[in-house]
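The chain contents come next:
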Amino acid sequence: MRTITIKPQAITHNLNQVKKMAANSKVLAMVKSNAYGHGVAAVLPALQQADGIGVATLTEALEARQLGWDKTIGLIEGAFTADEWQQAINSDISCVIHHAPQLQWALDNIPLANSATRVVWLKYNTGMNRLGFNAEGIMAAAKRLHEAGYQLILATHFANADDSTHPLNAMQIQRFSEVLDTLQATISADIKGSLCNSAGIVNFPEHHYDWVRPGIILYGSAPVIDKSAHELGLQPAMDFSAQIIALQTVQADNAIGYGSRWTAQKDTRTALVSVGYGDGYPRVISDEAYVTVIDTTNDKSYRCAVIGRVAMDMIVIDVSTAPEDIALDSKVILWGDAPHVDEVAAHAGTISYELLCRLSIRPNRIQV
Ligand SMILES: *Cc1c(COP(=O)(O)O)cnc(C)c1O
């Protein structure tokens, strides 16, 4: 059986790691894209100690409300239409305001004084150059929102926080702190700041401001290039597994699978595993890729290389490292403790975020 096992207690543990790192900040836990593929319903109960959650679409925000999340919900790209702005008010969603049309919707339709929508995340473009007002527009937007009765959180997003040596980081921090200082001095001392995603939390402890916005770190992946998840004390929140469905020996000089990508140098014991790109295991994977096989009869585990082309429904692994009598239904860990999803992502030329988000609906999903 293909199985995605979610471990809510790992998420709570990772949240506590974040709270230790950013002890003086509130935490907006990012649960966009179905909680990075973990399933928002499974994840929300593990995030009770967060101060709020962040999502990318109004649909995601409304789903979280439906699931009973009654604290802050931050909509990180804001409303896409005036109608969405109204719906955000109806469900007490706090929105990002990153361009003039959103500013206008907010000024045209002001929520009641006790509404959570009175809090807006005003987005300042400090160098990412995707969303946000530039240096000229940000002051005027802040002034108009403040005068209309909104409470402001100045927000920006790092482009390179995973690499602490990248020169844009210091530039973004400086631009952000200058504008925040000016807003606090000229408009209101109550204006808050929010700068750091997971990587920023780890790499820039001096610049956490009022709200941090952890995402991938909550799910147990390393957000920075020079430290592993293990070194950061994180626990992977997902186990992705399948099972051996056939065992065979491929004779020397014979090739396996589509494109005959892998040819046996010697007689090789192989196993078919019931997982493929139709489940979300990456088709593009290097020869370094491996899985962990756990023999169901004695719980012993073996590291086995993935060989040949990943297909929609199956992969082939080299079980030379395991005993000949390994059980037919042995469990195969695609990612979890070992290999970590960060390793699989590296072998697939991508990042853990993508592998986690693009799991398909086919695998069985359980929680422990
Ligand atoms: C997704 C997102 C985050 C979280 O990013 P991670 O790298 O997963 O920590 C933080 N802030 C914003 C605005 C985001 O869109």
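Heads up: these notes are all about the structure in this document. (Residues numbered from 1 in each chain as written. Predicted model: local features only at pLDDT ≥ 70, side-chain atom pairs only at ≥ 80, totals over all residues. Heavy atoms only, no water.)

## Examining the overall build of the protein chain
Here is step 1 of the chain: When its secondary structure is counted, the protein chain shows 11 helices and 18 strands.
Here is step 2 of the chain: Based on the C-alpha atoms only, the size of the protein chain along its principal axes is roughly 75 × 40 × 35 Å.
Here is step 3 of the chain: Counting every position in the protein chain, which comprises 368 residues, the buried fraction comes to 53%.
Here is step 4 of the chain: In the protein chain, the proportion of contacts linking residues at least 24 apart, taken out of those at least 6 apart, comes to 66%.
Here is step 5 of the chain: Distance between charge centroids for the protein chain: 2 Å, based on 28 positive and 37 negative side chains. (Helix = DSSP H or I, 4+ residues; strand = E, 2+ residues; numbered from the N terminus. Buried < 20%, exposed > 50% of the residue type's maximum accessible area, 1.4 Å probe, protein only. Contact = heavy atoms within 4.5 Å. Lys, Arg positive; Asp, Glu negative; His and termini not counted. Charge placed at Lys NZ, Arg CZ, Asp CG, Glu CD.)

## Focus: the site of the ligand
Here is step 1 of the chain: Met30, Lys32, Tyr36, Ile76, His157, Asn197, Ser198, Arg213, Pro214, Gly215, Ile216 and Tyr353 make up every residue found near the ligand.
Here is step 2 of the chain: The backbone of glycine 215 places a nitrogen or oxygen atom 3.0 Å from an oxygen atom of the ligand.
Here is step 3 of the chain: In isolation the ligand offers 390 Å² of accessible surface; the protein chains occlude 91% of this area.
Here is step 4 of the chain: Its residues assigned to classes, the shell around the ligand comprises 6 nonpolar, 4 polar and 2 charged. (Near = heavy atom within 4 Å. Polar contact = N/O pair within 3.5 Å; in protein donor to acceptor, adjacent residues only side chain to side chain. Areas by Shrake-Rupley, 256 points an atom, 1.4 Å probe, with all protein chains shown as cover. Nonpolar A, V, L, I, M, F, W, Y, C, P; charged D, E, K, R; others polar.)

## Some remarks on the side chain of arginine 213
Here is step 1 of the chain: Tracing the chain through its elements places arginine 213 in the loop between strand 9 (211-212) and strand 10 (238-250).
Here is step 2 of the chain: Of the side chains with opposite charge, aspartate 210 comes closest to the buried, unpaired arginine 213, at an N-O distance of 11 Å.
Here is step 3 of the chain: At a separation of 3.1 Å, a polar atom in the side chain of arginine 213 contacts the side chain of histidine 157.
Here is step 4 of the chain: Apart from residues no more than four positions distant in its own chain, arginine 213 is found in contact with Leu28, Met30, Ala155, Thr156, His157, Ser194, Leu195, Cys196, Asn197, Ser198 and Ile201. (Salt bridge = Lys/Arg side-chain N within 4 Å of Asp/Glu carboxyl O.)

## Focus on the pattern of salt bridges
Here is step 1 of the chain: Tallied over the entire structure, the rule returns 7 salt bridges.
Here is step 2 of the chain: Aspartate 279 is paired through a salt bridge with arginine 2; the nearest N and O atoms lie 2.7 Å apart. With aspartate 279 in the loop between strand 13 (268-273) and strand 14 (290-294) and arginine 2 in the segment before strand 1 (3-6), the pair connects residues that are 277 residues apart, well separated along the chain.
Here is step 3 of the chain: Taking the relative accessible area as the measure of exposure, arginine 2 reaches 18% and is therefore buried.
Here is step 4 of the chain: A salt bridge links lysine 7 to aspartate 239; the shortest N-O distance between them is 3.9 Å.

## Comments concerning unusual backbone geometry
Here is step 1 of the chain: Following alanine 338, the chain continues to proline 339 via a peptide bond in cis, the omega torsion being -5 degrees.
Here is step 2 of the chain: As for its position among the elements, proline 339 is in the loop between strand 17 (331-335) and helix 10 (341-347).
Here is step 3 of the chain: The backbone of asparagine 34 shows a phi angle near 50 degrees, a positive value even though the residue is not glycine.
Here is step 4 of the chain: Structurally, asparagine 34 can be placed in helix 2 (residues 32-36).
Here is step 5 of the chain: A positive phi angle, near 75 degrees, is found at aspartate 253, a position not held by glycine.
Here is step 6 of the chain: Tracing the chain through its elements places aspartate 253 in the loop between strand 10 and strand 11 (255-256).
Here is step 7 of the chain: In this structure aspartate 253 comes out as exposed when scored by relative accessible area, which is 65%.

## Let's talk about the environment of cysteine 304
Here is step 1 of the chain: Its location among the elements puts cysteine 304 in strand 15 (residues 301-307).
Here is step 2 of the chain: For the pair cysteine 304 and proline 363, spaced 59 residues apart in sequence, the C-alpha to C-alpha distance is 21 Å.
Here is step 3 of the chain: If near-sequence neighbours (up to four positions away) are discounted, cysteine 304 is found in contact with Tyr290, Val291, Val293, Ile317, Asp318, Val319 and Thr321.

## Some words on helix 1 (residues 8-21)
Here is step 1 of the chain: Compared with an ideal rise of 1.5 Å per residue, which puts 14 residues at 20 Å, helix 1 spans 20 Å between its outermost C-alpha atoms and is within 8% of the ideal.
Here is step 2 of the chain: Listed in full, the buried residues belonging to helix 1 are Pro8, Ala10, Ile11, Asn14, Leu15, Gln17 and Val18. Taken down its axis, helix 1 places every buried residue within 165 degrees of arc, on the same side.
Here is step 3 of the chain: The inward-facing, buried residues of helix 1 abut strand 1, strand 2 (26-30), helix 3 (40-43), helix 9 (198-203), strand 9 and strand 18 (364-367). (Expected span 1.5 Å × (residues − 1). Arc of directions from axis to C-beta.)

## Notes on the packing of helix 6 (residues 100-108) against helix 7 (residues 135-147)
Each pair of packed helices gets described by two things: the angle between the helix axes and the distance between those axes.
Here is step 1 of the chain: Packing of helix 6 against helix 7 leaves a shortest axis separation of 10 Å and a crossing angle of 15 degrees. Taken together, the axes of helix 6 and helix 7 lie roughly parallel to each other. For the element pair helix 6 and helix 7, the recorded crossing hand is left-handed. Judged by residue contacts, Leu103, Gln104, Ala106 and Leu107 of helix 6 engage Ala141, Arg144 and Leu145 from helix 7.
Here is step 2 of the chain: Looking at side-chain class alone, the contact of helix 6 with helix 7 contains 5 nonpolar, 1 polar and 1 charged residues. (Axes fitted to C-alpha atoms, helices over the stretch in contact; angles between N-to-C directions. Parallel < 35°, antiparallel > 145°, perpendicular 65-115°, else oblique. Left-handed = near helix turned anticlockwise from the far one by under 90°.)

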